[in-house]
Amino acid sequence: GNAHYHPGMAKAWGLVTVAAGTPALTAGYNITSVTDGGPGIISPQFTTAMSSANYAVIATITHATPGSLRVLEVINTARLTTGFTVTVLEEGNTAGSSPNAIDNVSFSFAVYGDI
């Protein structure tokens, strides 16, 4: 019953799917909701807060059309005790162009730290 307190156990995890630019929590543990902060910006919120903002988020991206993107990047842009925000970027299509925030991806994540 106390395994969830062990530092090696995930304190939260989730699968976020994005359809027509709207994120939805498909499955998860210790995640109460996800909010949409604009193109490519998604914020999962914890049910039970972390003890500090010193935790790790590991994310894996899935795109609806595999191989259609050149590079995907997830940037952990904010980490709070109540949740975190990620920004999903695609490499620009031309040399020297800026990355584009994109919405049509889904991602899964796990959070490790102390509750």
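Before any of the text, the structure's been laid out above.
Not measured: the values here are computed from a predicted model.

Asker: Any chance you could explain the side chain of Lys 11 here in plain terms?
Answerer: Relative to the assigned elements, Lys 11 resides in the segment before strand E1 (12–19). Among buried charged residues, Lys 11 stands out as having no salt bridge; its nearest opposite-charge side chain is Asp 114, 6.1 Å away. At 2.9 Å, the side chain of Lys 11 and the backbone oxygen of Met 9 are in polar contact.

Asker: Even after reading the chapter, I still don't get the nonpolar core, so can you show me in this structure?
Answerer: Side chains of nonpolar character tend, in soluble globular proteins, to be buried together. Among the nonpolar cores identified, the biggest contains 14 residues, and Ile 42, Phe 46, Phe 84, Phe 109 and Val 111 are the most heavily contacted of them. For this core, the secondary structure elements donating two or more residues are E1, strand E3 (31–38), strand E4 (41–46), strand E7 (83–90) and strand E9 (105–112). With residues near it in sequence (within four places) discarded, Val 111 still touches Ala 10, Lys 11, Ala 12, Phe 46, Met 50, Tyr 55, Ala 56, Val 57 and Phe 84.

Asker: Before we go on, may I ask you to explain the environment of Asp 114 in this structure?
Answerer: Of note, Asp 114 is situated in the segment after E9. Taking the relative accessible area as the measure of exposure, Asp 114 reaches 44% and is therefore partly exposed. For the pair Asp 114 and Asn 54, spaced 60 residues apart in the sequence, the C-alpha separation amounts to 8.2 Å. Aside from chain neighbours lying at most four places away, what touches Asp 114 is Met 50, Ser 51 and Ser 52.

Asker: I keep staring at the side chain of Ser 106 and nothing clicks. Help me out?
Answerer: Inspection of the secondary structure assignment puts Ser 106 in strand E9. For Ser 106, a relative accessible area of 16% corresponds to the buried category. Not counting residues up to four positions away in its chain, the partners in contact with Ser 106 are Val 16, Thr 17, Val 18, Thr 60, Ile 61 and Thr 62.

Asker: How do you make sense of the pairing of E1 when you look at a structure like this?
Answerer: Two faces make up the sheet, and in a regular strand the side chains alternate between them. Burial along E1 is one-sided: the residues Ala 12, Gly 14, Val 16 and Val 18 are buried and none of Trp 13, Leu 15, Thr 17 and Ala 19 is. Bridge count for E1 against E9 is five bridges, and the pairing is antiparallel. Looking at the pairing, Gly 14 lines up with Phe 109 of E9. The pairing of E1 with strand E2 (residues 22–29) spans seven bridges and is antiparallel. In the sheet register, Val 18 faces E2, and the bridge partner there is Pro 23. Linking two consecutive strands that pair antiparallel, namely E1 and E2, is a turn of two residues; a positive phi of about 55 degrees is found at Ala 20 within it.

About the cut-offs
In this convention, every chain numbers its residues from 1, walking through the sequence in written order. Thresholds applied to this predicted model are a pLDDT of at least 70 for local features of residues and 80 or more for the giving and counting of side-chain atom pairs; totals over whole chains, interfaces and linings are not thresholded and use all residues. As a rule here, side-chain values cover all heavy atoms of the structure and leave hydrogens and water aside. What counts as a helix is a DSSP run of H or I of at least four residues, what counts as a strand is a run of E of at least two, and both are numbered from the N terminus. Each residue is placed in one exposure class: buried if its accessible area under a 1.4 Å probe, protein chains only, is under 20% of its type's maximum, exposed if it is over 50%, and partly exposed if it falls in between. Positive residues here are Lys and Arg, negative ones are Asp and Glu, while His and the chain termini are left out of the count. Here, a salt bridge means any Lys or Arg side-chain nitrogen found within 4 Å of an Asp or Glu carboxyl oxygen. Throughout this description, a polar contact denotes any pair of N or O atoms lying within 3.5 Å of each other; where both atoms belong to protein, one of them has to be capable of donating a hydrogen while the other can accept it, and for residues adjacent in sequence the pair is counted only when both atoms sit in side chains. Residues grouped as a nonpolar core are buried Ala, Val, Leu, Ile, Met, Phe, Trp, Tyr and Cys residues, joined through side-chain atoms within 4.5 Å. The criterion used for residue contact is that any of the two residues' heavy atoms lie within 4.5 Å. One bridge is not enough; two strands pair if DSSP finds at least two bridges between them.

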